[in-house]
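For reference, the chains in residue letters:
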Amino acid sequence: PAGGGGEGQADAAGTCSACAVTGTWPAGRRRMELNPPAAGQGCEGCVGAVLANGLTAEQQAGVDRARAYAQELQQTVFREVLEAERARREEEGGRTASQGPAAAAGVPGLAGGMDARNHSLMSRVYVGSISFELTEEHLQRVFGEFGTVRSVSLGRDAGAGRHKGFGFVEYDVPEAASLAMEVLNGTMLGGRQLRIGRPNNYTAAATQDFPPPPPERIYVANVNEAIGEDVLREIFAPFGDVRACVLAPDHVLRRHRGWGFVEFADPAAAEQAALAMNGFQLGNLVLRVRRCVVGGPLGDGMAALGADSLVPPPPPQAVQPPQEVIDVAATINQSIGAGTASASAPALAGSAVVLLENVVGSRADVDDELAADMAGEGAKCGPISRVVVHIATPAELAADRLAGEVCIFVQFAEPAAAASALELFDGRWFGGRRVAARLFDADRFRVVTSADTMVYMP
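### Re the pairing of strand 15 (residues 353-357)
Burial within strand 15 is extensive, with five of its five residues counted as buried. On strand 15, burial covers both faces: Val353, Leu355 and Glu357 on one face and Val354 and Leu356 on the other are all buried. Taken together, the four bridges between strand 15 and strand 17 (residues 406-412) define a ladder with antiparallel strand orientation. Looking at strand 17, one finds that Val353 is bridged to Gln411. In terms of strand pairing, strand 15 meets strand 20 (residues 436-440) through five bridges, oriented antiparallel. When the sheet's bridge partners are listed, Leu356 is paired in strand 20 with Ala437.

### Structural notes on the pairing of strand 16 (residues 384-391)
Looking along a regular strand, one sees side chains alternate from face to face of the sheet. Relative to strand 17, strand 16 runs antiparallel, the two being bridged by seven bridges. Bridging from a neighbouring strand, Ile391 pairs with Val406 of strand 17. As defined by bridge partners, strand 16 adjoins strand 21 (residues 455-456) across two bridges and the pair is classed as antiparallel. Paired with Val388 across the bridge in strand 21 is Val455.

### Things to note about the pattern of salt bridges
Pairs can form between side chains of opposite charge whenever their charged atoms are close. This structure, assessed with the given rule, holds 17 salt bridges. With its nearest N and O atoms 2.1 Å apart, the salt bridge here joins Arg257 to Asp172. With Arg257 in strand 11 (residues 255-264) and Asp172 in the loop between strand 5 (162-171) and helix 7 (174-184), the pair connects residues that are 85 residues apart, well separated along the chain. Accessibility classification places Arg257 together with Asp172 in one group, the buried group. Residue Arg428 is joined to Glu377 by a salt bridge in which the shortest nitrogen-to-oxygen separation is 2.6 Å. With Arg428 in the loop between helix 14 (415-425) and strand 18 (429-430) and Glu377 in helix 12 (residues 370-378), this pair connects stretches of sequence that are 51 residues apart. Because the salt bridges share partners, they merge into one network encompassing Glu216, Arg217, Arg243 and Glu263.

Definitions and limits used
Residues numbered from 1 in each chain as written. Predicted model: local features only at pLDDT ≥ 70, side-chain atom pairs only at ≥ 80, totals over all residues. Heavy atoms only, no water. Buried < 20%, exposed > 50% of the residue type's maximum accessible area, 1.4 Å probe, protein only. Helix = DSSP H or I, 4+ residues; strand = E, 2+ residues; numbered from the N terminus. Pairing = 2+ DSSP bridges. Salt bridge = Lys/Arg side-chain N within 4 Å of Asp/Glu carboxyl O.

Note that every value here comes from positions in space, so none of it alone points to a role or purpose.
Written out as structure tokens, the structure reads:
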């Protein structure tokens, strides 16, 4: 400096020791690297300089204002909703947000025409080294911080009656899967260090055509339900002009699903926001932010719910049919059931095909090990020709009186082995579910499974 003073000080018409530009540097202020000046202070070079965290002084000041705003919300808006939210979470017990056709709302990749199977593979992560004490519910809560968890499936050891220590977690969007890998890989959970990566068939999906990710768009997850799109836009506004801010709507619960997208006018603003806001605490939750993985239309966000988005729909009222109708229906069902059983009994008596039902809840729970697990158990009863995992159509559900869409057919070499397998499987517990086993017509089995690809042959 031109005059005396501490490190980074300068008198009028002196030289700033932080940037070596001649100008006026307020006496007594330290260098920018140690204590950056507020926006508009310091010499012209220092005001536009980039800090150690990658932000300019103006952007850092905006982040500071956002933090102050978040603290203000913590003392006002959230004070009234946190207790209600905590009670709801305890009541739901980590229940997954409602899914179905409306669940695709707000998913840019699918809206952009991306193949649904490839999108599903890119939204899936492999989880290894899982403690045997952990359940699907535990993993759902841990991984739910990065986005809506569509399914958690663990490889099962039917003999030991527990999972095998590995499984898969599938999200609604690929960005959530990428965040989970970046944050949780190597994390200690239940006394074991998690190993998280991509499934074996991820490479093929990633090489397929999909909408390229816009460089100006970021993904934001773990958003408190009390935070709306307008508030989220204000939080990210200090980084640059926000062109769009949408949160994925839940059409059943009539609220957002805790994740969404923020799109800026400038890609540089998106990059800075992703770096600065990942890990930012807002509304008693820690935001998870990263750049996008796939592109596509953002959709309407919460506007898709309409003006009544905050008003839950009235519960449907049950209508009880007259007792006379119930009595007549019971008589008809009983007579039909008796006739069907007597007609089919001779044909099924010699069948070597066993149908296993209620082994898993839905097709999302099916993994590559399921058929092999069933074959390993069934082999105790005799030689097995093949095991087929079949996803039933609505017509098959009605025609074959199936209990669910996932059917596992075990074809034995001899009918005697199939009869023995009925005693082994029927009523047995598998992964918290009670398995139902029954003989299945061999000719019908060949027709139903003729086009199936999930076939295991010992």
